[in-house]
Amino acid sequence: MTLSAFADGTDIPAKFTQAGDQTSPGISWTNVPVGTMSFVLHMHDMEAARMRTTDDMLHWMVWNIPATATSLPEGIPMGEKLQNGAYQLSARGPVYLGPGAPATGPRHHYTFELFALDTTVDVQPGTDPFATRTDIMKAIQGHILGKAVYMGLFHRPQ
């Protein structure tokens, strides 16, 4: 998996964050496992907790990406269902939520995980994005053929 906007393990440009336009980055992948039926993309900040819970911050989840796809374009528009039939959500609804770590303190690690699955996910977007994410993660157990991980760093400018 590669993100065209920044190298793995480096700073995420402001354009893709809450300090900028919150544009979703372009993502591409290769070496798809044989038997892949769909993909799930999970972007989260493991250093930020959802208020009063053990959940980390959900920045973007895209599921039921078709097996024929090898990328997601930069700048996916807001909306529950994408043109390719996949669904998206974040802590703010059906939209990419860019990194937003505060200027004080260390940079946060934003992890992009891409799962190749031997099935599609039978989960519809719900009113609670964190509950929907939990349902998706439960649904993919036992169906993961491969996983790619990419990470970027960010905190707001001073």
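Here's a quick rundown of the structure.

Basis of the calculations
Residues numbered from 1 in each chain as written. Predicted model: local features only at pLDDT ≥ 70, side-chain atom pairs only at ≥ 80, totals over all residues. Heavy atoms only, no water. Pairing = 2+ DSSP bridges. Helix = DSSP H or I, 4+ residues; strand = E, 2+ residues; numbered from the N terminus. Core = buried A, V, L, I, M, F, W, Y, C linked by side-chain atoms within 4.5 Å. Buried < 20%, exposed > 50% of the residue type's maximum accessible area, 1.4 Å probe, protein only. Contact = heavy atoms within 4.5 Å.

Notes on the sheet that holds strand β1 (residues 2–3)
Part 1 of the argument: In space, the 3 strands of this open sheet follow the order β1-β3-β6, with antiparallel pairing throughout. What marks the edges here is a single partner per strand, and that holds for β1 and β6 (71–72).
Part 2 of the argument: Where β1 lies against strand β3 (residues 27–28), 2 bridges are found, and the strand directions are antiparallel. Residue pairing across strands places Thr2 opposite Ser28, the latter belonging to β3.

Side note on the nonpolar core
Part 1 of the argument: Counting residues in each nonpolar core, the largest one holds 25 residues, and the members touching the most others are Trp29, Leu41, Trp60, Val62, Ile65, Leu72 and Phe112.
Part 2 of the argument: Among the elements of the structure, β4 (38–49), β5 (56–66), β8 (108–117) and β9 (144–154) are those that each provide at least two residues to this core.
Part 3 of the argument: A per-element tally of this core places β8 first, with 4 residues.
Part 4 of the argument: Once residues within four sequence positions are removed from consideration, Val62 is found in contact with Phe39, Val40, Leu41, Leu72, Leu82, Ala86, Tyr87 and Gln88.

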